[in-house]
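Here's the letter readout for the chains.
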Amino acid sequence: MRIEILSTLDIIGGASKPAYNLHKGLLRSGDDSIMVVQRKFSNDSTVTGPRQDFISFIKNKFIYPGFDELVRLLFFRNEENLHSAALFSSINLEKDILSKRPDIINAHWVWGGFVKMKDLSRAGVPIVWTLHDMWLFSGAEHYPKDEQYVNGYRKLFDFNRIIWQKKKRDLAQIKNLSFVVPSRWLYERAKNSIMLKKYDIKIIPYGLDDNIFKPINRIDCRNILSIDGSKKVILFGATNGIKDPRKGFDYLKKAVDSLVATDPKLNDEWMVVFFGCQEPEGFKFSIPYKFLGAINDHNFLPTVYSSADVFVAPSLQDNLPNTILEALGCGVPVVSFNVGGIPDMIDHKQNGYLAKYLDNDDLANGLKFVLNNEHIDDLRSSALLKFKNNFTIDLMVRRYQDLFRKIREIDEN
């Protein structure tokens with residue numbers, strides 16, 4: 001069985017990493033997997049990037065992604081939430097996808113000028129679409145502010161309505177289509193949407209390589225990173241995490257500020273380590289901090305996570321954040337808001353703390369619960385066990401393989 005995985009990117013971004021992990025896991029298990037991307041960042045020979053002729057390079061790198069970005073700037077420039085119009089496609093379905101003769105196509109995040117939904121109606125093979133956010137059944141929003149996706153977009157002069165109507169028409173033309181979501185939260189919203197409620201949808205959580213994401217000696221990691229071994233370390237990591245409101249940095253800052261205001265000695269006992277972003281100009285924080293910048297070496301991430309006593313992810317909207325899975329894989333308890341798919345990963349007061357949504361005081365309670373917990377080793381063990389039992393790459397691959405085989409059997413009959 002030949003599976004063709006489609007993703008705009010291969011190793012950059014929250015949606016592309018699970019797609020790439022699945023591809024590598026399928027290959028490791030002996031399946032014939034092909035990954036086709038618009039923009040290739042890895043040196044992996046099993047990942048096929050865009051055609052290398054000059055015209056194709058310009059289309060993939062600049063023209064079609066540029067058109068999509070122009071539409072976003074024209075219609076959604078002032079929106080905090082991420083929007084994608086996905087009106088343009090640089091790929092040639094026959095030459096770039098069907099020429100590889102797949103038995104099943106597994107599409108992930110394929111926008112940004114890569115693939116148009118309408119094109120996939122000509123595929124002629126079963127398509128399994130893995131959703132990483134709410135975009136496919138919403139307008140142009142990745143995480144809509146309201147619930148128009150439930151009954152349909154009806155506001156006049158709304159570009160989201162135009163995008164939603166186009167998606168609805170295009171989706172209806174694709175035959176033999178099913179969906180995968182990584183969390184119960186996204187399943188409930190997809191099933192409640194007018195667009196997808198009639199489709200077969202399976203929950204398959206993300207999986208990470210437990211040969212890479214595993215605990216490393218904390219002191220050794222801090223020595224490597226030049227982090228004070230006497231401090232209790234709070235880790236915060238997200239691409240553009242300081243500036244992106246959805247990542248909730250302001251809530252972390254307020255929570256720590258309130259704790260230090262009532263207990264000034266925390267200034268000597270705690271510190272925050274940031275990764276995935278650079279220190280902004282004029283940045284201030286109430287306790288000592290350190291910026292590690294972007295971590296481009298996937299294999300180095302466990303060193304970063306293992307240096308911490310707690311990982312905090314105060315996301316305001318999220319599906320199944322890779323960062324939380326990575327922290328759990330390294331045996332690091334996690335504090336987060338009770339939102340989205342995060343409760344699938346955090347068992348309250350067992351491997352972390354689920355704070356009340358948008359409650360700074362409860363986020364502060366979560367930090368205290370973990371960092372002042374005399375049974376913190378139990379929290380670490382529970383974090384690792386949660387990961388091993390639910391989120392390894394081998395578990396994810398087996399679940400996808402079962403789904404692919406069932407779909408192929410139905411297709412052949």
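Up top is the structure these notes are about.
All values derive from a computational prediction rather than experimental measurement.

## Re the environment of I234
By the element assignment, I234 lies in strand β8 (residues 232-237). With residues near it in sequence (within four places) discarded, I234 still touches W270, M271, V272, V273, V310, V312, L367 and L371.

## Details of the pairing of strand β4 (residues 104-107)
Every second residue of β4 is oriented toward a common face, with I104 and N106 on one face and I105 and A107 on the other, all of them buried. Across four bridges, strand β1 (residues 2-9) lies against β4 in parallel orientation. Opposite I3, over in β4, you have I104 as the bridge partner. In the sheet, β4 pairs with strand β5 (residues 127-130) via three bridges, with the strands oriented parallel. Bridging across to β5, A107 finds its partner in W129.

## Side note on helix α13 (residues 376-390)
Across its 15 residues, α13 extends 21 Å between first and last C-alpha, which sits within 8% of the 21 Å expected from 1.5 Å per residue. Against the buried residues of α13 lie α7 (218-225), α11 (322-329), β13 (352-355) and α12 (360-371).

## Some thoughts on the environment of G13
Tracing the sequence through the fold places G13 in the loop between β1 and α1 (16-28). Counting along the chain gives 226 residues from G13 to T239, while the straight-line C-alpha distance between them is 8.5 Å.

## Points about the sheet that holds strand β10 (residues 289-291)
Through backbone hydrogen bonds, the strands of a sheet pair up, either in parallel or in antiparallel fashion. Ordered in space as β10-β9-β8-β11-β12-β13, the six strands form an open sheet in which the pairing is parallel. In the strand order of this sheet, the two ends are held by β10 and β13, each with one partner. Put simply, the sheet's adjacent strands are angled 20 degrees from each other on average, direction ignored. Packed on one face of the sheet, α12 meets β8, β9 (270-275), β11 (310-313), β12 (334-337) and β13 and runs near 170 degrees to β13.

## A short note on the packing of aromatic side chains
As enumerated under the stated definition, the model contains 27 aromatic pairs in all. Consider the rings of F274 and Y289, whose centres lie 6.4 Å apart with planes at 70 degrees: the pair is edge-to-face. In this pair, F274 sits in strand β9 while Y289 sits in strand β10, placing the two residues 15 residues apart along the sequence. Of the residues examined, Y289 reaches a relative accessible area of 27% and is grouped as partly exposed. Judged by centre distance (6.2 Å) and plane angle (10 degrees), the ring pair of F283 and F285 falls under stacked. Judged by its relative accessible area of 13%, F285 is buried. Chaining the aromatic ring pairs together yields one cluster made of F236, F249, F274, F283, F285, Y289 and F291. The ring of W135 carries the charged tip of K167 above its face, separated from the ring centre by 3.5 Å. Note that K254 overlies the ring of Y251, its terminal NZ or CZ placed 5.9 Å from the centroid.

What counts and how
- Sequence order as written defines residue numbering, which begins from 1 separately in each chain.
- Thresholds applied to this predicted model are a pLDDT of at least 70 for local features of residues and 80 or more for the giving and counting of side-chain atom pairs; totals over whole chains, interfaces and linings are not thresholded and use all residues.
- Hydrogens and water molecules were not included; the side-chain quantities draw on all heavy atoms of the structure.
- Helix numbers and strand numbers start at the N terminus; a helix is a DSSP run of H or I with at least 4 residues, a strand a run of E with at least 2.
- Note on contacts: a residue pair qualifies if any of its non-hydrogen atoms lie within 4.5 Å across the two residues.
- We call a residue buried when its accessible area falls under 20% of the maximum for its residue type, exposed when it is over 50%, and partly exposed in between, using a 1.4 Å probe and counting protein chains only.
- If DSSP finds at least two bridges between two strands, the strands pair.
- Take the number of residues in a helix, subtract one, and multiply by 1.5 Å to get its expected span.
- Geometry is summarised by axes, namely lines fitted to C-alpha atoms with helices restricted to the contacting stretch, and by angles between N-to-C directions that run from 0 to 180 degrees.
- Under the pairing criterion, centres of Phe, Tyr and Trp rings, with the six-membered ring standing for Trp, must be within 6.5 Å; the plane angle then separates stacked pairs below 30 degrees from edge-to-face pairs above 60, leaving the rest tilted.
- Here, over-ring charges are defined by two tests on the NZ atom of lysine or the CZ atom of arginine: distance to the ring centre within 6 Å, and angle to the ring normal within 35 degrees.

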